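The residues making up each chain are set out below.
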Amino acid sequence: MLNYALRRFLISIPIILIATFIIFWMISLTGDPLQDMRQLPNITTEQIQRVRDMRGLDDPFYVQYVVWLQQIPTAGFGEYLISPRPIGPDLQRVLIHTLQLVIAAEVIAFIIAVVLGTLSATRQYSIFDYTTTTLSFIGYAMPAFWFALILQVIVIQIFELTGVRILPLANLSSANPGTGLAFVWDRILHLVLPVMSLAIFSIASYSRYMRASMLEVVGSDYVRTARAKGLREGTITRRHAMRNALIPTVTVAALSFGTLLSGSIVVETVFGLDGMGRYLFVMIQSRDPYPIMAVLVITAVVIIMFNLIADLVYGYLDPRIRHG
């Protein structure tokens, strides 16, 4: 298993380097990053040229790429284009906030989806199966921003009827969140609605994959052999069928994590969260390429890392993969 993990890790390194090159190349094709600065009043050509020289914007493409690549580990992605402030502290703050949201949504979605998909497969064509399938299709079709707004409306209606605000509607913390367990509980309450908004599509997606995979597994020879040996149906489902049925679901979940990381912009905007998605939206508006590339690199690394984790889980669930 250790050799298998090491091989997968070594393969990930050149993939990350290729991803950084593609990101830098694509962003460089978007045009002059100082275009908006040229339109500001009282800005002289000498001032613009000074910024270009300071940032090395007139250097060859490969020189700019190497300089930027060196700044990723040594200078925390460097500084903003105009402001001499470092990008690293802002990126670290919003990344922590987004990871709290995305990890909570992903874990909850995965657990619920595995349970629903397994029960749907073991109760095929039952009322529970039809209900779960219908709700999954609704979850597929439901835009995250619309569901987030609906949740806010429901909380507001409950407050108007009862005078009780059951959950916060925006931000990551209260004005005075306290410390210790009080701070943690306050953060959990603020994340309930955003997590629900982000998890709804994942639950619909993962549960469908889990159901289809379970239906394929329960008809396999080794499951029939386990039944012939007299094992209980619950034991067969947990120890034999579910273990192999998890492999496609793990694949989808691993690939979806990076998508959620970059796609949380809608949920973070609706709830006013200081996260990476909202940060990316602001940086795109300001046309600053360096924080945009930083967010894209982090997203790419997360996607590659979770693909690596998925490969390791494959090797654990199915020993034939790591010995292949």
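In what follows, the structure referred to is the one given above.
Here we summarise the structure given alongside this text. (Residues numbered from 1 in each chain as written. Predicted model: local features only at pLDDT ≥ 70, side-chain atom pairs only at ≥ 80, totals over all residues. Heavy atoms only, no water.)

When helices and strands are counted, the protein shows 14 helices and zero strands. Beginning at the N terminus, the succession of helices and strands in the protein can be written as α-α-α-α-α-α-α-α-α-α-α-α-α-α. Principal axes of the C-alpha set define a box for the protein whose edges measure 85 × 60 × 40 Å. Buried positions account for 40% of the 324 residues belonging to the protein. Sequence-distant contacts, at least 24 apart, represent 73% of the contacts inside the protein between residues at least 6 apart. When the accessible surface of the protein is totalled, it reaches about 17900 Å², and 68% of it is carbon and sulfur. Across the protein, the mean location of the 24 positive side-chain charges is 13 Å away from that of the 20 negative side-chain charges. (Helix = DSSP H or I, 4+ residues; strand = E, 2+ residues; numbered from the N terminus. Buried < 20%, exposed > 50% of the residue type's maximum accessible area, 1.4 Å probe, protein only. Contact = heavy atoms within 4.5 Å. Areas by Shrake-Rupley, 256 points an atom, 1.4 Å probe, with all protein chains shown as cover. Lys, Arg positive; Asp, Glu negative; His and termini not counted. Charge placed at Lys NZ, Arg CZ, Asp CG, Glu CD.)

Take the nonpolar core next. Ranked by size, the top nonpolar core spans 60 residues in total, and within it W68, F77, I87, L91 and Y279 carry the most contacts. Among the elements that line this core, the one with the most residues is helix α13 (residues 289-317), at nine residues. When neighbours within four sequence positions are excluded, W68 is seen to be in contact with T20, F24, Y290, M293 and V297. Core analysis: the second largest hydrophobic core is formed by 14 residues, M210, V223, L246 and V250 among them. (Core = buried A, V, L, I, M, F, W, Y, C linked by side-chain atoms within 4.5 Å.)

Bringing the packing of helix α6 (residues 127-141) against helix α8 (residues 181-217) into the picture now. Packing of α6 against α8 leaves a shortest axis separation of 8 Å and a crossing angle of 135 degrees. On the basis of the axis angle, α6 is oblique to α8. The handedness of the crossing between α6 and α8 comes out as left-handed. Together, D129, T132, T133, S136, G139 and Y140 of α6 and I200, F201, A204, S205, S207, R208 and R211 of α8 make up the contact between the two elements. Classifying every residue of the contact of α6 with α8 by side-chain character gives four nonpolar, six polar and three charged. (Axes fitted to C-alpha atoms, helices over the stretch in contact; angles between N-to-C directions. Parallel < 35°, antiparallel > 145°, perpendicular 65-115°, else oblique. Left-handed = near helix turned anticlockwise from the far one by under 90°. Nonpolar A, V, L, I, M, F, W, Y, C, P; charged D, E, K, R; others polar.)

All right, on to the packing of aromatic side chains then. What the rule picks out here adds up to eight aromatic pairs. On the numbers, 6.2 Å between centres and 45 degrees between planes, the contact of Y65 with W68 is tilted. Remark: W68 and Y65 occur in helix α4 (residues 61-74); sequence separation between them is three residues, near one turn of the helix. Across this residue pair, the class does not change: Y65 and W68 are buried. Connected via pairs of aromatic rings, a cluster forms that spans F21, F24, F61, Y65 and W68. The ring of F159 has R165 sitting right over it, with the charged end atom 4.4 Å from the ring centre. (Phe/Tyr/Trp six-rings, centres within 6.5 Å; stacked < 30°, edge-to-face > 60°. Lys NZ or Arg CZ within 6 Å of the ring centre and 35° of its normal.)

Here the focus is the environment of N244. Note that N244 resides in helix α10 (residues 233-263). Assessed through its relative accessible area of 25%, N244 is described here as partly exposed. Distance in space between the C-alpha atoms of N244 and V297 is 33 Å, their sequence separation being 53 residues. Beyond its immediate sequence surroundings of up to four residues, N244 is in contact with S213, V217 and Y222.

By themselves, these are just geometric observations and shouldn't be taken as functional.
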